[in-house]
Amino acid sequence: MDLLNAIITLTNFVIVPAIAYGSQLALGALGVTLIYGILRFSNFAHGDTMAFGTMVTILFTWLFQSWGISLGVFPTALLALPFGIAGCALFVLLTDRAVYRFYREQKAKPVILVIVSMGVMFIMNGVVRFIIGPDDHAFGDGERFIISARTFRALTGLEEGLAIRTSTGITVITAVIVVALLFWFLNKTRTGKSMRAYSDNEDLALLSGINPEKVVMVTWIIVAALATVAGTLYGLDKSFKAFTYFQLLLPIFASAIVGGLGSPVGAIAGGFVIAFSEVTITYAWKKVLVYALPDGMGPDGLVQLLSTDYKFAVSFIILLVVLLFRPTGLFKGKSV
Amino acid sequence: MIKVDNVVKTFGGFRAVDGASLDIKKGTITGLIGPNGAGKTTLFNVIAGVLSPTSGTVTMLGDDITGLPPHALFHKGLLRTFQIAHEFGSMTCRENLMMVPGNQSGENLWNTWFGRKRIADEERALRAKADEVLEFLTIDHLAEQKASQISGGQKKLLELGRTMMVDAKIVFLDEVGAGVNRTLLNTIGDAIIKLNKERGYTFVVIEHDMDFIGRLCDPVICMAEGKVLAKGTLAEIKANEQVIEAYLGTGLKNKDKVGA
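The text that follows walks through the structure, step by step, so that each part is easy to find. Since this is a predicted model, take the numbers as computed values, not measurements.

Quick word on the overall build of chain B
Turning to step 1, where the next piece is worked out: On a plain count of helices and strands, chain B comes out with ten helices and ten strands.
Turning to step 2, where the next piece is worked out: For 260 residues, the compact-globule estimate of 2.2 N^0.38 gives 18 Å, and the C-alpha radius of gyration of chain B, at 19 Å, lies within 12% of that figure.
Turning to step 3, where the next piece is worked out: Taking the principal axes of its C-alpha atoms as reference, chain B extends roughly 65 × 40 × 30 Å.
Turning to step 4, where the next piece is worked out: Sorting the 260 residues of chain B into buried and exposed places 44% on the buried side.

Now the structure itself:
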């Protein structure tokens, strides 16, 4: 029995990856939840909005790399991120002008807007693949690890190593900063308050002199920023592939719904719930158990509840359970 | 002040407002009465820009305002309240009032980051004004309460307060008295009269409570089946045969009891 090694193994393979993945999901879910709360529809194009923003960021990263600009130990992508956000915001605003505004003026029902967003999703998906191709792209550079497994072992003398990658660290720090900024924005600034007012009661907001087009525009810009940050962090952590981002839609929606659609706090909580469930259920617990249990009692099998190929099933099941038993989610969002 | 000319609003085949025309004079408190489904609220919605009319025009002080969106009308000084009180539930009463004048400089993404001082000055002025309004309405003790937690009548007062945050020219009140007890209704009535006298607001009030109408309104307009049936003082309206048939009820032989 060796509890210390068990904890290190658990941290290395479960807790650290789940926190990183959870932060990415939370940022994605915040975008979905804002659109739902303020524009009142489920935006199916969100995964592809993330892909588009990330693609612009990657293109700028490549440009900077070709110019020889870098951020030293940090990935160049961080420098390209503002440009990615601007590009994504521009694209999303054009989409709104060309597509969504028409339906808003018709006062279309949310379900129609959902279908419309699916159309937008297919187009964005095509645009991204057309520009950057359907292949995998790794665009992270700079220092790979904050602590590598070997350094950790040398430092502590333990058998097991704990590796913390730079991308993980950046993900968590960026997510904290972005979330703090978003909450400050929504709660303390006048623009944020008009957004909340519009979300609370659209009719009354109009009759209080709040210009809806302005609120919608600001919402899209914020959503584009969130999507680009989430997508870039995910891409740095793993790699960029247009199709993967499309698939992210399911865990992101699961996060937003588990937390309660329309509730920003819920989106964050939901992101971590989904990430931790996915990682713990698809992790092979053998190593941890062998360390944690008394000698000789360790299991022979892998103790992996579900193969990683089925990881989306986890979000799907959580989604179903929540919709059946608590449709407003953990934080009392609007019911779906 | 407001001239409604031959407004028609149809929903599918149903003519909710069927050629209504009326003229609201500056500085009056006009009462709008009529049976349920007479098209009073629909007419309100058309005037306030929530619905655009199928045909007909609405002019305000000579400007054509037909079909302008609500937030644009708001900036022209045309305000309304709702039959069922609306509020921003997640905000305090004070914040609800402070939301009111749109187009504040804090609504600009640039100013949010780079115009902090200007926003702070504006907010301070707004806050003082909101507190003044809350005191005027005798609900200053509710300033920090979430608007979703206050009572229905207090919500109605809050709605009235919203109109006081700007220099309104004309205010449309949709059943301010619905579901409000007598004492509170009197407070609301006092506030309306005071606003009318001291600040020169013009009011149009939809109401079913004849005492309330009698105390506040002159003239009174009666609508039925989407049309304007009659206009005059409450006494004249009560004596009008058509009105009795459509609204006050033919069942009551004794006309003195009507509206009691």
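So, the overall build of chain A
Turning to step 1, where the next piece is worked out: The helix and strand tally for chain A stands at 14 helices and two strands.
Turning to step 2, where the next piece is worked out: For a compact globule of 336 residues, the expected C-alpha radius of gyration is about 20 Å, and chain A comes in at 21 Å, within 12% of that figure.
Turning to step 3, where the next piece is worked out: Per-residue burial over chain A gives 45% buried out of 336 residues.

Description of unusual backbone geometry
Turning to step 1, where the next piece is worked out: Residue Pro 219 of chain B is bonded to the preceding Asp 218 of chain B through a cis peptide linkage, with omega at 0°.
Turning to step 2, where the next piece is worked out: One can find Pro 219 of chain B in the loop between helix 8 (210-216) and strand 9 (220-224).
Turning to step 3, where the next piece is worked out: Here the phi dihedral of Lys 107 of chain A falls at roughly 55°; this positive angle occurs in a residue that is not glycine.
Turning to step 4, where the next piece is worked out: Positive phi values are uncommon outside glycine, yet Val 303 of chain A reaches one of about 50°.
Turning to step 5, where the next piece is worked out: Relative to the elements of secondary structure, Val 303 of chain A occurs in the loop between helix 13 (286-292) and helix 14 (311-325).
Turning to step 6, where the next piece is worked out: For Val 303 of chain A, a count of 15 C-beta atoms within 10 Å translates into the label partly exposed.

Focus: the environment of Thr 59 of chain B
All names here are of chain B.
Turning to step 1, where the next piece is worked out: Along the polypeptide, Thr 59 turns up in strand 4 (residues 55-60).
Turning to step 2, where the next piece is worked out: C-alpha separation for the pair Thr 59 and Met 1, spaced 58 residues apart in sequence, amounts to 8.1 Å.
Turning to step 3, where the next piece is worked out: Ignoring anything within four residues of it in the chain, the contact list for Thr 59 reads Lys 3, Asp 64 and Ile 65.

Description of the pairing of strand 3 (residues 29-33) of chain B
Residue and element names in this part refer to chain B.
Turning to step 1, where the next piece is worked out: With five of five residues buried, strand 3 is to be regarded as a mostly interior element.
Turning to step 2, where the next piece is worked out: Side chains of strand 3 alternate between two faces, with Ile 29, Gly 31 and Ile 33 and Thr 30 and Leu 32 buried alike.
Turning to step 3, where the next piece is worked out: Sheet topology note: the strand 3/strand 8 (residues 202-206) ladder contains four bridges and is parallel. Bridge pairing links Leu 32 to Ile 206 in strand 8.

Remarks on the nonpolar core
Turning to step 1, where the next piece is worked out: Val 223, Ala 224 and Leu 226 of chain A together with Ile 47, Val 205, Cys 222 and Met 223 of chain B are the most contacted members of the largest nonpolar core, which has 159 residues in total.
Turning to step 2, where the next piece is worked out: Sequence-distant contacts of Val 205 of chain B, that is, excluding residues within four places in its chain, are made with Ile 29, Gly 31, Leu 32, Leu 173, Val 176, Leu 216 and Cys 217 of chain B.

Points about the sheet that holds strand 2 (residues 14-24) of chain B
Residue and element names in this part refer to chain B.
Turning to step 1, where the next piece is worked out: Pairing in this open sheet of four strands is antiparallel, and the strands run 2-1-4-5 from one edge to the other. Pairing within the sheet leaves two strands with one partner each, and these edge strands are strand 2 and strand 5 (63-64).
Turning to step 2, where the next piece is worked out: Pairing analysis gives eight bridges linking strand 1 (residues 2-11) to strand 2, with the strands arranged antiparallel. Bridged to Thr 10 within strand 2 is Arg 15.
Turning to step 3, where the next piece is worked out: Together, strand 1, strand 2 and strand 4 form the strand contacts of helix 1 (residues 40-47), whose direction differs from that of strand 1 by roughly 115°.

A look at the sheet that holds strand 7 (residues 170-174) of chain B
Residue and element names in this part refer to chain B.
Turning to step 1, where the next piece is worked out: With mixed pairing, six strands are arranged side by side in an open sheet as 6-7-8-3-9-10. On the outer flanks of this sheet lie strand 6 (78-80) and strand 10 (227-232), each paired with one strand and no other. Between one strand axis and the next, the sheet turns by 20° as a mean value, whatever way the strands run.

Details of the interface of chain B and chain A
It is common to give the size of an interface as the accessible area lost on bringing the parts into contact.
Turning to step 1, where the next piece is worked out: Each partner contributes to the interface: chain B provides 23 residues, whereas chain A provides 20 residues.
Turning to step 2, where the next piece is worked out: For the side of chain B that touches chain A, the secondary-structure elements that each account for two or more residues are helix 2 (70-75), strand 6 and helix 4 (109-114) of chain B.
Turning to step 3, where the next piece is worked out: Looking at which element gives the most residues to the side of chain B that touches chain A, the answer is helix 2 of chain B, with four residues.
Turning to step 4, where the next piece is worked out: A breakdown of the residues in the side of chain B that touches chain A according to their chemical character gives ten nonpolar, ten polar and three charged.

Comments concerning the packing of helix 6 (residues 152-164) of chain B against helix 7 (residues 182-199) of chain B
Geometrically, a packed helix pair is captured by the angle between its two axes and the distance between the axes.
Residue and element names in this part refer to chain B.
Turning to step 1, where the next piece is worked out: One can describe the packing of helix 6 onto helix 7 by two numbers: an axis separation of 10 Å at closest approach and a directional angle of 10°. On the basis of the axis angle, helix 6 is roughly parallel to helix 7. Taking contact as the criterion, the partners of Gly 153, Lys 156, Leu 157, Leu 160 and Met 164 in helix 6 are, on helix 7, Leu 184, Ile 188, Ala 191 and Leu 195.
Turning to step 2, where the next piece is worked out: In terms of residue class, the contact of helix 6 with helix 7 is made up of seven nonpolar, one polar and one charged.

A few points about helix 7 of chain B
Residues and elements named next belong to chain B.
Turning to step 1, where the next piece is worked out: In this model, helix 7 (18 residues) spans 25 Å end to end at C-alpha, consistent with the 26 Å of a helix rising 1.5 Å per residue.
Turning to step 2, where the next piece is worked out: Residues Leu 185, Ile 188, Ile 192 and Leu 195 constitute the buried set of helix 7. Mapping the buried residues of helix 7 onto a view down its axis gives an arc of 85°, with all of them on the same face. When the buried face of helix 7 is taken as reference, the exposed residues oriented beyond 90 degrees from it are Arg 182, Thr 183, Lys 194, Lys 197 and Glu 198.
Turning to step 3, where the next piece is worked out: The inward-facing, buried residues of helix 7 abut strand 3, helix 6, strand 8 and helix 8.
Turning to step 4, where the next piece is worked out: Of the residues one or two after helix 7, Gly 200 is the one with positive phi, at around 70°.

A short note on helix 11 (residues 249-259) of chain A
Residue and element names in this part refer to chain A.
Turning to step 1, where the next piece is worked out: Within helix 11, ten of the eleven residues are buried, which leaves the element mostly enclosed by the surrounding structure.
Turning to step 2, where the next piece is worked out: Turning to helix 11, its buried residues are Leu 249, Pro 251, Ile 252, Phe 253, Ala 254, Ser 255, Ala 256, Ile 257, Val 258 and Gly 259.
Turning to step 3, where the next piece is worked out: On its buried side, helix 11 packs onto helix 1 (3-39), helix 2 (46-67), helix 10 (242-247), helix 12 (264-282) and helix 14.
Turning to step 4, where the next piece is worked out: The positive-phi residue at the C-terminal boundary of helix 11 is Gly 260, with phi of around 110°.

Details of the packing of helix 1 of chain A against helix 12 of chain A
All names here are of chain A.
Turning to step 1, where the next piece is worked out: Remark: helix 1 packs on helix 12, axes separated minimally by 7 Å, with the N-to-C direction vectors making an angle of 140°. Relative to helix 12, the crossing made by helix 1 is right-handed. Contact with helix 1, carried on its side by Val 14, Pro 17, Ala 18, Tyr 21, Gly 22, Leu 25, Ala 26, Ala 29, Leu 30 and Thr 33, involves Pro 264, Ala 267, Ile 268, Gly 270, Gly 271, Phe 272, Ile 274, Ala 275, Phe 276, Val 279 and Thr 280 of helix 12 and no other residues of that element.
Turning to step 2, where the next piece is worked out: Of the residues that constitute the contact of helix 1 with helix 12, the class distribution is 16 nonpolar, five polar and no charged.

Concerning the environment of Phe 253 of chain A
Residue and element names in this part refer to chain A.
Turning to step 1, where the next piece is worked out: With respect to the element layout, Phe 253 can be found in helix 11.
Turning to step 2, where the next piece is worked out: Classification of Phe 253 as buried rests on a count of 25 C-beta atoms within 10 Å.
Turning to step 3, where the next piece is worked out: Separated by 220 residues in sequence, Phe 253 and Thr 33 place their C-alpha atoms 8.7 Å apart.

Conventions and cut-offs
- Residues numbered from 1 in each chain as written.
- Chains lettered and ligands numbered in written order.
- Predicted model: local features only at pLDDT ≥ 70, side-chain atom pairs only at ≥ 80, totals over all residues.
- Helix = DSSP H or I, 4+ residues; strand = E, 2+ residues; numbered from the N terminus.
- Rg over C-alpha atoms; globule rule 2.2 N^0.38 Å.
- Buried ≥ 20, exposed ≤ 12 C-beta atoms within 10 Å, placed from the backbone.
- Contact = placed C-beta atoms within 7 Å.
- Pairing = 2+ DSSP bridges.
- Core = buried A, V, L, I, M, F, W, Y, C linked by C-beta atoms within 7 Å.
- Axes fitted to C-alpha atoms, helices over the stretch in contact; angles between N-to-C directions.
- Nonpolar A, V, L, I, M, F, W, Y, C, P; charged D, E, K, R; others polar.
- Parallel < 35°, antiparallel > 145°, perpendicular 65-115°, else oblique.
- Expected span 1.5 Å × (residues − 1).
- Arc of directions from axis to C-beta.
- Left-handed = near helix turned anticlockwise from the far one by under 90°.

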